[in-house]
Amino acid sequence: MTVTETKEPTVGERPMYYAQRLAEMIRCRTVSKKDSFAPAEFLKLRAVIETLFPLVSEKAERTILGDDAYLYQLPGKDTSRNVMVMSHHDVVDATGNWQEDAFGGVIRDGVLWGRGTVDTKTPLFAELSALEELLAEGFEFPVNVWLFSSHNEETGGDGAVRALEYFKAHGIRFDWISDEGGAVIEPPMAGVRKKCAMMAIHEKGRCTAELTARKPQGHASLAGAPRTPVMNMAAFLAEADEKKPFLRRLHPEVRGMFEALALHMTFPMRFVFSNLWLFSGLLIRLMPKLNAAAGEMLGTGCTFRKLSTDEDGTCHAEAFLRCIRADDLDRDLDALRALAEAHGVELTVRENESYTPTALTSPGYAYVRKIVEKTFPYAAAAPFILPAGTDARRFTELSDAVIRFAPIDINAQQYASVHGENENICIDKLPLAVAFYKELLRNYK
């Protein structure tokens, strides 16, 4: 069976059939770079998509936003309602020592190798495949279906921003939005007995603050031996890193994660996480020490960077903060500013973004979770807070349910390969990814 052949593959043929088609997309070197755009490989991918998915290309209205962000629309019976599946087709460059050519689309021993197999051409391929197969069946979508894929997600570019402007200009809102973020992974916590389908319903905001320590006024010989700006900055950074003067709490999304995973934990972990009313204080104290990633879900994280000095001795640095709630960040900034002032350091907020979380009671979240559990019955479905950034953060004002879940079942090595070496995916997992989106779009009322 050739890559573009339309004959329905059998169940046994389906993994290789999908892998060969996905490999064509992997071979397009759609590397995005900040402040520049090289169109050749992106146009090549566009042509590959038109060849692999002729019905989508024929029946969907496609709009290109900016340099190469895709926006497809398929009308539904109820044209007043909308849902959207998302991905991005740009990738980071492939450096280091790879076992196979990062853009060769090599299929070997049941594995497809290449940059984008996890982040995130596989989800995009699965979305397009689901739409193509549903259209081939003559399926009529109950509501308008949108597919968005940006060309510069990896660089925080304007693709999603332009899509947001488009939707706002046309007054379009969504019952739910599904983007990348979580996946089906090995247990993220000790004591969990099965794989976990992690569904991010919130992601951390971002805030950048400038830090400045200036040279004291007056004649140096009369002032004794004052601390220099560098010394003041160093003392502040050291104390801030040690004390971490930020609020810590179990947010609803984290409580929801613990309660969902507790059902699949061994004793005594199940007892602890099933009784958060009793153990929440202990967990807040212990989590940052036991698991840094889990600790980041308790509150604001802060990284200091870009340390420099001017010729006059003025010292500069930058604080990059990732926050969960905007009101908590305000108090965290007050605490950090007070600590900075005690060391003669000025703190000025330059950029500040925060996003609206999806409520655990949201009908859209409940629906997507039901489809996750149906498609991956062997995995524990659980919400969580994503520490990284996705394009979905741009759209939280357009829907009460923005869920970040890529329907890919990956092992620990594959999870770690994101933005690293030897990115790959097992081809026997590809049919599940396509099935997820078919179920998601077929069953929504």
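Before reading on, note that the structure itself is shown above.
In what follows, the accompanying structure is described. (Residues numbered from 1 in each chain as written. Predicted model: local features only at pLDDT ≥ 70, side-chain atom pairs only at ≥ 80, totals over all residues. Heavy atoms only, no water.)

### Regarding the pairing of strand β6 (residues 143–150)
Then step 1. In terms of burial, β6 is a largely internal element, eight of the eight residues being buried.
Then step 2. Relative to β6, strand β2 (residues 69–74) runs antiparallel, the two sharing five bridges. Each residue of the ladder has a partner; that of Q73, found in β6, is W146.
Then step 3. Note that strand β3 (residues 78–88) and β6 share eight bridges and pair parallel. Paired with D78 across the two strands is V143, which belongs to β6. (Buried < 20%, exposed > 50% of the residue type's maximum accessible area, 1.4 Å probe, protein only. Helix = DSSP H or I, 4+ residues; strand = E, 2+ residues; numbered from the N terminus. Pairing = 2+ DSSP bridges.)

### Describing the packing of aromatic side chains
Then step 1. This model, assessed by the stated rule, comprises 24 aromatic pairs.
Then step 2. Seen from their ring centres, F436 and Y437 are 5.1 Å apart, and the 70° between their planes marks the pair as edge-to-face. Here F436 and Y437 have matching classes, each one buried.
Then step 3. Above the face of the F53 ring, R21 is positioned so that its terminal group lies 5.4 Å from the ring centre. (Phe/Tyr/Trp six-rings, centres within 6.5 Å; stacked < 30°, edge-to-face > 60°. Lys NZ or Arg CZ within 6 Å of the ring centre and 35° of its normal.)

### Considering the sheet that holds strand β5 (residues 111–113)
Then step 1. One open sheet accounts for three strands, arranged β4-β5-β15; its pairing is antiparallel. For this open sheet the edge positions go to β4 (107–108) and β15 (424–426), each flanked by a neighbour on one side alone.
Then step 2. When β4 meets β5, the two strands line up antiparallel, connected through two bridges. Across the sheet, R108 pairs through a bridge with V111, a residue of β5.

### Comments concerning helix α11 (residues 326–342)
Then step 1. When the terminal C-alpha atoms of α11 are compared, their 25 Å separation across 17 residues agrees well with the 24 Å that a helix rising 1.5 Å per residue should span.
Then step 2. All buried positions along α11 are accounted for by D328, L329, D332, L333, L336, L339 and A340. Projected down its long axis, α11 shows its buried positions confined to an angular sector of 135°, all on one face. Facing away from the buried side of α11 by more than 90 degrees, the exposed set consists of E341 and A342.
Then step 3. Residues of α11 that are buried in the fold lie against β9 (205–213), α6 (229–243), β11 (315–323) and β12 (345–353). (Expected span 1.5 Å × (residues − 1). Arc of directions from axis to C-beta. Contact = heavy atoms within 4.5 Å.)

### Thoughts on the side chain of Q414
Then step 1. As for its placement among the helices and strands, Q414 is situated in helix α13 (residues 412–416).
Then step 2. Its relative accessible area of 1% is what places Q414 among the buried residues.
Then step 3. For Q414, the contacting residues outside a window of four places in its chain are V118, D409, N424, I425 and C426.

### Points about α6
Count 3.6 residues to each turn of an α-helix, and residues three or four apart come out pointing the same way.
Then step 1. Here α6 is 15 residues long and its end C-alpha atoms lie 21 Å apart, about the 21 Å a rise of 1.5 Å per residue gives.
Then step 2. Those residues of α6 that fall on the buried side of the exposure criterion are P229, N232, M233, A235, F236, L237, E239 and A240.
Then step 3. For α6, the elements touching its buried residues are β9, β10 (301–309), β11, α11 and β12.
Then step 4. Two residues or fewer after α6 comes K244, characterised by a positive phi angle close to 45°.

### Observations concerning the packing of helix α4 (residues 121–136) against helix α14 (residues 430–442)
Then step 1. Viewed as axis vectors pointing N to C, α4 and α14 meet at an angle of 55°, and their least axial separation amounts to 8 Å. Between α4 and α14, the crossing angle belongs to the class labelled oblique. In this structure, the crossing between α4 and α14 has a hand that is right-handed. Residues T122, P123, F125, A126, E127, S129, A130, L131, E133 and L134 of α4 pack against L430, A433, V434, Y437, K438, L441 and R442 of α14.
Then step 2. Considered class by class, the residues forming the contact of α4 with α14 number 11 nonpolar, two polar and four charged. (Axes fitted to C-alpha atoms, helices over the stretch in contact; angles between N-to-C directions. Parallel < 35°, antiparallel > 145°, perpendicular 65-115°, else oblique. Left-handed = near helix turned anticlockwise from the far one by under 90°. Nonpolar A, V, L, I, M, F, W, Y, C, P; charged D, E, K, R; others polar.)

### Notes on the pairing of β10
Then step 1. Bridging between β10 and β11 involves seven bridges; their strand directions are antiparallel. Residue S308 lies in a different strand from β11, and its bridge partner there is H316.
Then step 2. In this structure, the hairpin formed by β10 and β11 is closed by a connection of five residues, where G313 is found at a positive phi of approximately 95°.

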